[in-house]
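What the coordinates show
Residues per chain are reported as follows:
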Amino acid sequence: MIKSLLRSAAATSTVLVLSLSTTGSVIAAALTSASISLSDSRPSQTSSYTVAASGFTTGTSINCIQLDVGTSADGSGDAGLDLSSITLTSTSIPSSGSWSVGSVDGATDQLRATLAGGATPNASGNIVWGGVVNGGATGTYFGVLETFANVDCSTGGPIDSVIMTFTYIDGALVSLTIDPSLTFSVDAVGSGQDVYPNGAATQNTSVASTSTSIDHASAVTSSTNGVSAHDISISTNATSGYSVYIRHTGLLTNGSDTIAGGSLSGASFPAPGTEAWAWTSDDSDLSMNGAGTGLWTSFTTSDAEVATAAGVASDTVRVGHQVGISSTTPAGTYTTTIIYTAVAIY
């Protein structure tokens, strides 16, 4: 009886096998160390987009690399890019093949690079698109980087994928004001110094000057002219440079007697024995005829340019003065005042 019951139980036992099946899309491998870098993150500016990542599936050939930019984490939502002038600058994700900008869907802000023959990616690398005009609004945006084994950037689903974020942000305006500057001085030149230290001519001073006076005493005669000089130093940040002018308050005068100034205009100074009173300059930038070559211009009460520069400058220029008298010049002490005027030009 017991055996019979056991046989009956064994005869009626069954084995159930549970079988499960699933269908759906392939899940893409997740990339790591991913980033998006913009050369210009300001809204509406033209920028290059550099996307870098690691962990690419190196055993599968890819035909498309796509960056889908949007306002949502899946790349959807209009970010407002202008891709009409997009270029593919470089890619090291695959290091082989002549990749080019693929079919770009400007309406959905998708940046693509394709290669019909496909190539195997490296484990890590970057891709750079240029000529992208950023969207017009500041804020945080999403970029989904995906690789595909088809040039349509869709069929078969993505092989590798990663979601990144980046921002558009207004630039910070930096401003500063540099105050205009001008320094000017008149410095003494000793006796026996060349009036043209930087010029072609050579003529030595016969008397030492101070910054505020020139005393020839009795050294000027009908056989010996008197020669003096000043060093004028000027520094300015004026964008158009400077001009320095020279004039005198009047002819060298003693009571009712004067020493004739002559009418020199970039000419040789008369030999001793002739009344004359003139200036010269060692400034090679001066438009005066023969500057630095030993030629002289008579003093007047009007400003005459004695030094100049066309831009920001810091210069020292030697200005010479020469006086001559004749045998009939009346005795006495003759004086006048030389005036220098420096003008910065902005």
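Relevant structure appears above.
Cut-offs applied
Residues numbered from 1 in each chain as written. Predicted model: local features only at pLDDT ≥ 70, side-chain atom pairs only at ≥ 80, totals over all residues. Heavy atoms only, no water. Helix = DSSP H or I, 4+ residues; strand = E, 2+ residues; numbered from the N terminus. Contact = heavy atoms within 4.5 Å. Pairing = 2+ DSSP bridges. Axes fitted to C-alpha atoms, helices over the stretch in contact; angles between N-to-C directions. Disulfide = S-S within 2.5 Å. Buried < 20%, exposed > 50% of the residue type's maximum accessible area, 1.4 Å probe, protein only. Polar contact = N/O pair within 3.5 Å; in protein donor to acceptor, adjacent residues only side chain to side chain. Core = buried A, V, L, I, M, F, W, Y, C linked by side-chain atoms within 4.5 Å.

**Here we look at the overall build of the protein chain**
Each helix and strand in the protein chain was counted, giving one helix and 21 strands. In the protein chain, of all internal contacts separated by at least 6 residues, the share reaching a separation of at least 24 is 73%.

**Here's the deal with the sheet that holds strand 21 (residues 338-344)**
Working definition: the strands of a sheet are paired by backbone hydrogen bonds and lie parallel or antiparallel to each other. Here three strands make up an open sheet; going across it, the order is 19-13-21 and the pairing antiparallel. Of all strands in the sheet, those bounded by a partner on one side alone are strand 19 (304-309) and strand 21. Taken pair by pair, the neighbouring strands of this sheet meet at an average axis angle of 20°, ignoring direction. Across five bridges, strand 13 (residues 242-248) lies against strand 19 in antiparallel orientation. Each bridged residue has a counterpart across the sheet, and for Tyr245 the counterpart in strand 19 is Glu305.

**Quick word on the sheet that holds strand 3 (residues 46-54)**
Read from one edge to the other, the open sheet built from four strands follows the order 2-3-8-5, with strand pairing classed as antiparallel. Where the open sheet ends on each side, the last strands, each with one partner, are strand 2 (32-38) and strand 5 (87-91). Taking each pair of neighbouring strands and ignoring which way they run, the sheet shows an average axis angle of 15°.

**So, the state of the cysteines**
Per the stated rule, a full pass over the model turns up one disulfide. Disulfide pairing is shown between Cys64 and Cys153; the S-S distance is 1.9 Å. Sign of the S-S torsion, about 100° for the bond between Cys64 and Cys153, identifies this disulfide as right-handed. Here Cys153 lies in the loop between strand 9 (139-148) and strand 10 (160-168) and Cys64 lies in strand 4 (residues 62-70), a separation of 89 residues in the sequence. Cys153 shares its class with Cys64; the two are buried.

**A look at the side chain of Ser281**
On the secondary structure map, Ser281 appears in strand 17 (residues 276-281). Residue Ser281 is classed as buried on the basis of its relative accessible area of 1%. At a separation of 3.1 Å, a polar atom in the side chain of Ser281 contacts the main-chain amide nitrogen of Asp283. Within the local environment of Ser281, its side chain forms a polar contact with the backbone oxygen of Val306, the two atoms lying 2.7 Å apart.

**Some words on the environment of Asn126**
Within the secondary structure, Asn126 sits in strand 8 (residues 124-133). Residue class for Asn126 comes out partly exposed when judged on its relative accessible area of 27%. Along the primary structure Asn126 and Thr91 are separated by 35 residues, whereas in three dimensions their C-alpha atoms are 5.7 Å apart. Discounting residues that sit within four places of it in the chain, Asn126 has contacts with Thr50, Val51, Ala52, Ser90, Thr91, Ser92 and Ile93.

**Some words on the nonpolar core**
Within the largest apolar cluster, 32 residues are counted, with the highest numbers of intra-cluster contacts made by Tyr49, Leu67, Leu111, Trp129 and Leu145. Of all the elements in the fold, those that place two or more residues in this core are strand 2, strand 3, strand 4, strand 7 (110-119), strand 8, strand 9 and strand 10. In this structure, Leu67 is in contact with Ile36, Tyr49, Val51, Asp109, Gln110, Leu111, Trp129, Gly143, Val144, Leu145 and Met164, ignoring residues within four places of it in sequence. Membership of the second largest hydrophobic core comes to 25 residues, among which are Ile246, Ile259, Val319 and Tyr334.

**What about the pairing of strand 7?**
The element strand 7 is largely enclosed, with a buried count of eight among its 10 residues. Two elements, strand 4 and strand 7, share six bridges in a ladder whose sense is antiparallel. Along strand 7, the bridge assignment pairs Cys64 with Thr114. In the sheet, strand 6 (residues 100-101) pairs with strand 7 via two bridges, with the strands oriented antiparallel. Bridging from a neighbouring strand, Ser100 pairs with Thr114 of strand 7.

**A look at the side chain of Ser233**
Mapped onto the fold, Ser233 is located in strand 12 (residues 226-236). Side-chain polar atoms of Ser233 contact the side chain of Thr316, separated by 3.0 Å. The contact partners of Ser233, leaving out residues within four places of it in the chain, are Thr183, Phe184, Ser185, Asp187, Asp315 and Thr316.

Nothing here speaks to function; it is all geometry.
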